[in-house]
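Notes for the structure review
Chain by chain, the residues run as shown.
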Amino acid sequence: MVQLLVMIILYFVMFFGIAFIVNMLMRKTWLMAYLYPFILIIMIDNLATWEYIVRPGQAFSALGTKLVNLTGFDIILFVFGFLGTITAGYVMKLLRKNGYQMF
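Residues numbered from 1 in each chain as written. Predicted model: local features only at pLDDT ≥ 70, side-chain atom pairs only at ≥ 80, totals over all residues. Heavy atoms only, no water.

**Examining the overall build of the protein**
Assigned secondary structure in the protein consists of five helices and zero strands. Going from the N terminus to the C terminus, the protein shows its helices and strands as α-α-α-α-α. Computed over its C-alpha atoms, the radius of gyration of the protein comes to 16 Å, more than 25% above the 13 Å expected for a compact globule of 103 residues. Evaluated residue by residue, the protein yields a buried proportion of 26% over its 103 residues. (Helix = DSSP H or I, 4+ residues; strand = E, 2+ residues; numbered from the N terminus. Rg over C-alpha atoms; globule rule 2.2 N^0.38 Å. Buried < 20%, exposed > 50% of the residue type's maximum accessible area, 1.4 Å probe, protein only.)

What follows is the structure, encoded as structure tokens:
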């Protein structure tokens, strides 16, 4: 249980930090929130991106199987990673609203 708590904090902070930096550099507040499902797919499957182009039926079938076989712990971690990206977007909006122009 302690490991789950540490992993939740790690995923939240990691994706918050990545989203914050990407938002700061690209000046797109919700970019990471839109990209998160694609990052999630890359994290879940072990297929090359090229497989989705060359053999889409087999690639999406394998992805569907892996998505169905996710455990509750995995889903909790991915949800908290997504919450980290959303929180980073709100923090960026708040900083911009308060006059921080570099953000």
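**Thoughts on the layout of surface pockets**
Approximately 160 Å³ is the volume found for the largest pocket. In this structure, the largest pocket is lined by F38, I41, I42, D45, L47, A48, T49, Y52 and F60. For the lining of the largest pocket, the secondary structure elements donating two or more residues are helix 2 (31–44) and helix 3 (49–54). The element contributing the most residues to the lining of the largest pocket is helix 2, with three residues. (1 Å grid on protein atoms, 1.4 Å probe; cavity = no way out; pocket = protein on both sides within 12 Å on 5 of 7 lines; lining within 4 Å. Points joined across faces, edges and corners; volume = space filled by probe spheres on them.)

**What about the side chain of N23?**
Topologically, N23 is positioned in helix 1 (residues 2–26). Assessed through its relative accessible area of 0%, N23 is described here as buried. When residues no more than four places from it in sequence are discounted, the contact partners of N23 are K28, T29, W30, L31, M32, A88, G89, M92 and R96. (Contact = heavy atoms within 4.5 Å.)

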